[in-house]
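In case you want the letters, here they are:
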Amino acid sequence: MRSALTRLLDTPVRQAVGGLLLAGVGGLLLWLPIHTQNALDDWTAELRAGGEPTRAIIYDRVTKRHNTTMYFRYEIGGRTYEQEVPCVEVCRSYGDEVPIWVNPADPRDFVTDFGQLSGHRGRVQGVLGAAGFAMLLLGLLVTLSRIPFRRWLPRRAPRRRTAVRAPGGPRFTARSKHKQRARR
């Protein structure tokens, strides 16, 4: 007894449609990290314009499995906060003082002078984007493999050599002058 999925996908047309659906979902998942990065860039500009400026001190820097994280300590409204910032493009040293702009509504949310937001944002979207890229490629490959290109675009028949009769002689195949000279 065949499974329901096997019966559903037993025709090339259904397989091609399934491949297109897979490619569509993959395209949406691939779009997600791009959209998230654009939103984070907008939030960075908004925090710089309307955030409360202060200075933070890097009190620790930890590297685990090729990922380095800086730990910031800063004071806002008489309270001390600690937050982490991943080293993406810039990685400052222990003890450095860094200008930051803090979100007045959430003191744990800030942007640094080198444009990095607090916390590790966008990691999940990045993983989903990578999965979406794989789904997009797989869906396109499945779809293209189910299209009957040979039926729609048949191959041209190879050119046949023509037989020429020599005056008074047997049939022979015509050759170019180049080949005639090479045989001599």
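Throughout what follows, the structure given in this document is the object of discussion.

Glancing now at the packing of aromatic side chains. If you walk through the whole model with that rule in mind, you get four aromatic pairs. Ring centres of tyrosine 59 and tyrosine 71 lie 6.3 Å apart, and the angle between their planes is 50°; on these two criteria the pair is classed as tilted. A residue pair is termed long-range when its members are at least 10 positions apart, and tyrosine 59 in strand E1 (residues 52-64) and tyrosine 71 in strand E2 (residues 67-76) qualify at 12 residues. The exposure class of tyrosine 59 is partly exposed, given its relative accessible area of 23%.

Looking now at the layout of surface pockets. In this structure, the largest pocket encloses a volume near 510 Å³. Around the largest pocket, the lining is made up of 24 residues, and of these Gln37, Pro86, Val88, Gln116 and Arg121 lie nearest the centre. When contributions to the lining of the largest pocket are tallied by element, the ones reaching two or more residues are helix H2 (12-50), E2 and helix H3 (123-145). A per-element tally of the lining of the largest pocket places H2 first, with six residues. A breakdown of the residues in the lining of the largest pocket according to their chemical character gives eight nonpolar, 12 polar and four charged.

Before going further, it helps to spend a moment on the pattern of salt bridges. Taken as a whole and judged by the stated rule, the model has four salt bridges. Across the pair aspartate 113 and arginine 92 runs a salt bridge whose closest N-O atoms are separated by 3.6 Å. Here aspartate 113, found in the loop between strand E5 (110-112) and H3, pairs with arginine 92, found in the loop between strand E3 (79-86) and strand E4 (97-102); they are 21 residues apart in sequence, far enough to count as distant. Judged by its relative accessible area of 28%, aspartate 113 is partly exposed.

Here we come to the sheet that holds E4. Judged by pairing direction, the sheet is antiparallel, and its five strands sit side by side in the order E3-E2-E1-E4-E5 without closing on themselves. Two strands bound the open sheet, and with one partner strand each, they are E3 and E5. Taken pair by pair, the neighbouring strands of this sheet meet at an average axis angle of 40°, ignoring direction. For E2 and E3, the ladder comprises eight bridges, and the chain directions are antiparallel. Its bridge partner being in E3, methionine 70 is matched across the sheet by valine 85. Strand contacts of H2: E1, E4 and E5, with the helix running at about 95° to E5, the strand carrying the most contacts.

Glancing now at the packing of H2 against H3. Where H2 meets H3, the axes come as close as 7 Å, and the angle between the chain directions of the two elements is 155°. Taken together, the axes of H2 and H3 lie roughly antiparallel to each other. Between H2 and H3 the crossing geometry is left-handed. A breakdown of the residues in the contact of H2 with H3 according to their chemical character gives 16 nonpolar, 11 polar and no charged.

An α-helical turn contains 3.6 residues, so a residue and the one three or four places further along point in the same direction. Look at H2: 57 Å from first C-alpha to last across 39 residues, which is about the 57 Å you get at 1.5 Å a residue. For H2, the complete set of buried residues consists of Ala16, Gly19, Ala23, Gly26, Thr36, Leu40, Thr44 and Leu47. Elements that come into contact with the buried residues of H2 comprise E4, E5 and H3.

What counts as what
- Residues numbered from 1 in each chain as written.
- Predicted model: local features only at pLDDT ≥ 70, side-chain atom pairs only at ≥ 80, totals over all residues.
- Heavy atoms only, no water.
- Phe/Tyr/Trp six-rings, centres within 6.5 Å; stacked < 30°, edge-to-face > 60°.
- Helix = DSSP H or I, 4+ residues; strand = E, 2+ residues; numbered from the N terminus.
- Buried < 20%, exposed > 50% of the residue type's maximum accessible area, 1.4 Å probe, protein only.
- 1 Å grid on protein atoms, 1.4 Å probe; cavity = no way out; pocket = protein on both sides within 12 Å on 5 of 7 lines; lining within 4 Å.
- Points joined across faces, edges and corners; volume = space filled by probe spheres on them.
- Nonpolar A, V, L, I, M, F, W, Y, C, P; charged D, E, K, R; others polar.
- Salt bridge = Lys/Arg side-chain N within 4 Å of Asp/Glu carboxyl O.
- Pairing = 2+ DSSP bridges.
- Axes fitted to C-alpha atoms, helices over the stretch in contact; angles between N-to-C directions.
- Contact = heavy atoms within 4.5 Å.
- Parallel < 35°, antiparallel > 145°, perpendicular 65-115°, else oblique.
- Left-handed = near helix turned anticlockwise from the far one by under 90°.
- Expected span 1.5 Å × (residues − 1).

All we've got here are geometric facts, nothing functional implied.
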